[in-house]
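# Remarks on the overall topology
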Amino acid sequence: MTALDDRMGTEPGAQPGRRAPAPGDLAIVQAFVNTGDVEAGIDRLGDPLRAATWMARHGLVAPRSDLDDGSVRRLIEVREALRALLLASTGEPLDPSATDVLNGAAAEAHLLVGFEVDGTSWLEPAAGGVDGAIGLMLGIVFASMTAGTWSRLKACVEDSCRRAFYDRSKNRSGVWCSMRVCGNRAKTRAYRRRHAGGLSA
Ligand SMILES: [Zn+2]
């Protein structure tokens, strides 16, 4: 197995560092964030057709939905705001513009709370289309924050990576998607810095 295989996983949908994906619906949010792969230069939401295909495959919009450039822009903006939140889960400071984006998207989705006669409740978007799809994902984020699973979903701190991974470690201290790849890169850089410092001293 190569280092790249280890980061990307060898199976379709496999997780970096051979980690298990986030549980339940949260896996959709994780997959959504990972539609943009910084390192590979791949964006599965990069144009209306690709975005519609990905969203339909994940049950977020109807098959053969017609998306426009504005929808693609909104999806990518929300995706990167979510990535900023995931990066903050590693202890990095949160970019305040991320919450502005998410609050705006939640308002556009018209997220509603409803109650059923069996004593259960739900949180769902009243909006349809892309705004509704974004609302569904924001509802999943809300439920995950309430359930206490959100803080385990993180973005890799390696600048060139930033992939979303689910940290199942006991002490929730993971900051790299893969210790073998991104963790080693950081350690190698730190070693080189120390070594260079030693030579110039
Ligand atoms: Zn990484």
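A brief look at the structure comes next. Quick caveat, the model's predicted, so the values are computed rather than measured.

Calculation notes
Residues numbered from 1 in each chain as written. Predicted model: local features only at pLDDT ≥ 70, side-chain atom pairs only at ≥ 80, totals over all residues. Helix = DSSP H or I, 4+ residues; strand = E, 2+ residues; numbered from the N terminus. Buried ≥ 20, exposed ≤ 12 C-beta atoms within 10 Å, placed from the backbone. Contact = placed C-beta atoms within 7 Å. Pairing = 2+ DSSP bridges. Arc of directions from axis to C-beta. Axes fitted to C-alpha atoms, helices over the stretch in contact; angles between N-to-C directions. Parallel < 35°, antiparallel > 145°, perpendicular 65-115°, else oblique. Nonpolar A, V, L, I, M, F, W, Y, C, P; charged D, E, K, R; others polar. Core = buried A, V, L, I, M, F, W, Y, C linked by C-beta atoms within 7 Å.

A separate point is the overall build of the chain. Each helix and strand in the chain was counted, giving seven helices and six strands. When burial is assessed residue by residue, the chain has 34% of its 201 residues classed as buried. Contacts spanning at least 24 positions in sequence make up 52% of the contacts within the chain whose residues lie at least 6 apart.

Along any regular strand, the residues point their side chains to alternate faces of the sheet. Sheet analysis places strand β3 (residues 111-115) next to strand β4 (residues 121-125), joined by five bridges and oriented antiparallel. What sits directly across from Leu-112, in β4, is Glu-124. Between the antiparallel neighbours β3 and β4 lie five residues, among them Gly-119 with a positive phi of about 90°.

An α-helical turn contains 3.6 residues, so a residue and the one three or four places further along point in the same direction. Of the residues making up helix α2 (residues 26-33), those classed as buried are Leu-26, Val-29, Gln-30, Phe-32 and Val-33. One face of α2 carries all of its buried residues, which in axial projection span an arc of 160°. Buried residues belonging to α2 abut α4 (69-88), α6 (129-147), β5 (153-155) and β6 (164-166).

Here we come to the environment of Asp-47. Relative to the helices and strands, Asp-47 resides in the loop between β2 (42-43) and α3 (48-57). Using a count of 13 C-beta atoms within 10 Å as the deciding quantity, one classes Asp-47 as partly exposed. Put simply, Asp-47 and Asp-69 are 22 residues apart on the chain and 7.1 Å apart in space, counted from C-alpha to C-alpha.

Here we come to the packing of α2 against α4. Where α2 meets α4, the closest approach of the two axes is 9 Å, and the angle between their N-to-C directions is 110°. Here α2 lies roughly perpendicular to α4, going by the angle between them. Listed contacts from α4 to Val-29, Phe-32 and Val-33 of α2 are Arg-79, Leu-82, Arg-83 and Leu-86. The class makeup of the residues in the contact of α2 with α4 is five nonpolar, no polar and two charged.

Glancing now at the nonpolar core. Membership of the largest hydrophobic core comes to 45 residues, with the highest contact counts inside it found for Leu-86, Ala-133, Ile-134 and Met-137. Breaking this core down by element, the ones donating at least two residues are α2, α3, α4, α5 (96-109), α6, β5, β6 and α7 (179-200). Those residues in contact with Ala-133 that lie beyond four places of it in its chain are Met-55, Leu-60 and Val-61.

So, on to the environment of Asp-69. Following the sequence through the fold, Asp-69 ends up in helix α4. On the basis of neighbour counts, which here come to 10 C-beta atoms within 10 Å, the residue Asp-69 falls in the exposed class.

Looking at the element boundaries, Val-29 is found in helix α2. Residues Val-29 and Met-137, spaced 108 residues apart in sequence, show a C-alpha to C-alpha distance of 6.2 Å. In this view, Val-29 contacts Leu-82, Met-137, Ile-140 and Val-141; residues no more than four positions away in its chain are not counted.

With that settled, consider unusual backbone geometry. Although it is not a glycine, Arg-162 adopts a positive phi angle of roughly 60°. Structurally, the position occupied by Arg-162 is in the loop between β5 and β6. Using a count of 22 C-beta atoms within 10 Å as the deciding quantity, one classes Arg-162 as buried. Positive phi values are uncommon outside glycine, yet Arg-172 reaches one of about 55°. The class of Arg-172 is exposed, set by 12 C-beta atoms lying within 10 Å.

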